[in-house]
Amino acid sequence: METSVLNNYKKAAAVWKSAITLAQKKAKEGVLLFDIAEEVEKFIADEGAAPAFPINLSLNEEAAHFTPKWNDVTILKKSDLLKIDIGVHVEGYICDGAVTVNLDNAHAKQIEANELALANAISVVSFGKPVEKIGAEIERTLKEKGFNPVYNLGGHGLGKYDIHSSPSIPNHARGSSQNLEEGAIAIEPFASTGRGNVMESQQVEIFSIEKKFGVRNPFARKLIELSKDFDKLPFAERWLRRKTDAAKLEDYQVTVGLKELMKAGCFHTYPGLRESVGSLVTQVEKSLLVLEDKTIVLGE
Ligand code: MN
Ligand code: MN
């Protein structure tokens, strides 16, 4: 790996570490999730890096892809299981990682099991080794502790400006015949008290641009223009609303525009992913650099 690339990863990792520490510190009883999101994303930018995706703040049965909406009033409760998932990039080189916070400690065992699953998974990562071993460790560890992995979520490669590249890293023993090559990967086991299966919710707060043509609706065209800075990587409706507010677009115009863009396939959507109601899901995630002679865990 070129030194300049390695340095970008190291910088992204250092900012990620400070950002996740800040988010954990902010995660107190009664705080608005919106305030955590806005402060952490601003911090990342102030450090000279950029968010690789909107901060994910998913609660309880929610597993991923939830980020506060514009004017969100959700507050953090002591009993909540909050997953904080942050991506930071420097020149497109991404560090992606997550922790789970539970203020009343009622679910400490689940979080510990999840952390052990991640540690065991990291211990089998080495250049040229089968990807499948990672998922096998995750599934074995979580089941031994009485939880299910979330079978339909997994880790992934990290490409330049590409949050989900090859290889896909399942959170279970089957499903990959690849061997690890040189590059960055993210390992992210989810522990669930439910069946280990997430479904798409109706709520969509995260988008990315798929293409910039094929719509005639003037509001949709305006949204494309306003979102041009978000090119390549996922962005939050929250980020877009800040621009539409400044551009004096009415609420209904944004809603109509977004609907048109989704219908025309211009915006890719990342719907919230959740387990069945009543289940509890935790997540921990680390990014790693797999090199021929060694593996580096980012943000430690
Ligand atoms: Mn992540
Ligand atoms: Mn990830």
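One structure accompanies this document, and this report is about it. (Residues numbered from 1 in each chain as written. Chains lettered and ligands numbered in written order. Predicted model: local features only at pLDDT ≥ 70, side-chain atom pairs only at ≥ 80, totals over all residues. Heavy atoms only, no water.)

When helices and strands are counted, the protein shows seven helices and 15 strands. Viewed in the frame of its principal axes, the protein has a C-alpha envelope of about 55 × 45 × 35 Å. Burial statistics for the protein: of 300 residues in total, 56% are counted as buried. Within the protein, contacts between residues separated by at least 24 positions form 75% of all contacts whose residues are at least 6 apart in sequence. Carbon and sulfur atoms form 49% of the exposed surface of the protein, whose accessible area is close to 13500 Å². If you average the places of the 37 positive and of the 42 negative side-chain charges in the protein, the two averages end up 2 Å apart. (Helix = DSSP H or I, 4+ residues; strand = E, 2+ residues; numbered from the N terminus. Buried < 20%, exposed > 50% of the residue type's maximum accessible area, 1.4 Å probe, protein only. Contact = heavy atoms within 4.5 Å. Areas by Shrake-Rupley, 256 points an atom, 1.4 Å probe, with all protein chains shown as cover. Lys, Arg positive; Asp, Glu negative; His and termini not counted. Charge placed at Lys NZ, Arg CZ, Asp CG, Glu CD.)

Protein coordination of the manganese ion (ligand 1) is provided by Asp85 (OD), Asp85 (OD), Asp96 (OD) and Glu285 (OE), with donor distances spanning 2.1 to 2.3 Å. When the donor residues of the manganese ion (ligand 1) are listed from N- to C-terminus, their spacing reads D-x10-D-x188-E. Separation of the manganese ion (ligand 1) from the manganese ion (ligand 2) amounts to 3.1 Å, with Asp96 serving as a shared donor to the pair. Taken together, the positions of Asp85 in strand β3 (residues 82–90) and Glu285 in the loop between β13 (281–283) and β14 (286–290) put the pair 200 residues apart, joining distant regions of the chain. Neither residue differs from the other here; Asp85 and Glu285 are each classed as buried. (Donors = N, O, S within 2.8 Å, 3.2 Å for Na, K, Ca; no water.)

Bringing the sheet that holds strand β12 (residues 267–274) into the picture now. As summarised here, the arrangement of the four strands in space is β2-β12-β10-β11, forming an open sheet in which the pairing is antiparallel. Each having just a single partner strand, β2 (62–64) and β11 (235–236) make up the two edges of the open sheet. Judged from the seven bridges that link them, strand β10 (residues 199–209) and β12 form a sheet pairing that is antiparallel. Following the sheet pairing, Ile206 is matched in β12 by Tyr270. On the sheet, helix α7 (residues 251–263) packs against β10 and β12 and is oriented at approximately 100° with respect to β12. (Pairing = 2+ DSSP bridges. Axes fitted to C-alpha atoms, helices over the stretch in contact; angles between N-to-C directions.)

Here the manganese ion (ligand 2) is held by the protein donor atoms Asp96 (OD), His156 (NE2), Glu188 (OE) and Glu285 (OE), which lie 2.1 to 2.2 Å from it. Each donor residue of the manganese ion (ligand 2) belongs to the same chain, and together they define the spacing D-x59-H-x31-E-x96-E.

To continue, consider the packing of aromatic side chains. A complete count under the given rule lists eight aromatic pairs for this structure. Ring centres of Phe219 and Tyr252 lie 6.1 Å apart, and the angle between their planes is 80°; this geometry places the pair in the edge-to-face category. Placement of the pair is Phe219 in helix α5 (residues 218–226) and Tyr252 in helix α7, with a sequence separation of 33 residues. Using a relative accessible area of 23% as the deciding quantity, one classes Phe219 as partly exposed. Consider the rings of Phe235 and Phe267, whose centres lie 5.5 Å apart with planes at 85°: the pair is edge-to-face. (Phe/Tyr/Trp six-rings, centres within 6.5 Å; stacked < 30°, edge-to-face > 60°.)

On to the sheet that holds β3. One open sheet accounts for three strands, arranged β1-β3-β4; its pairing is antiparallel. Of all the strands in the sheet, the pair left with one neighbour each is β1 (50–59) and β4 (93–101). Averaged over all pairs of adjacent strands, the angle between their axes in this sheet comes to 10°, without regard to strand direction. Contacting β1 and β3, helix α2 (residues 33–46) crosses the sheet at an angle of about 160° to β1.

Quick look at the pattern of salt bridges now. Across all of its chains, the model carries 18 salt bridges by this definition. The partner of Lys26 in a salt bridge is Glu39, and the shortest N-O contact between them spans 2.8 Å. Residue Lys26 is located in helix α1 (residues 3–26), and its partner Glu39 is located in helix α2; the two are separated by 13 residues in the primary sequence. Between Glu139 and Lys143 there is a salt bridge, and its shortest N-O distance comes to 3.4 Å. Of this pair, Glu139 and Lys143 both sit in helix α4 (residues 132–144), four residues apart, which is roughly one turn of the helix. (Salt bridge = Lys/Arg side-chain N within 4 Å of Asp/Glu carboxyl O.)

These figures capture arrangement, not role.
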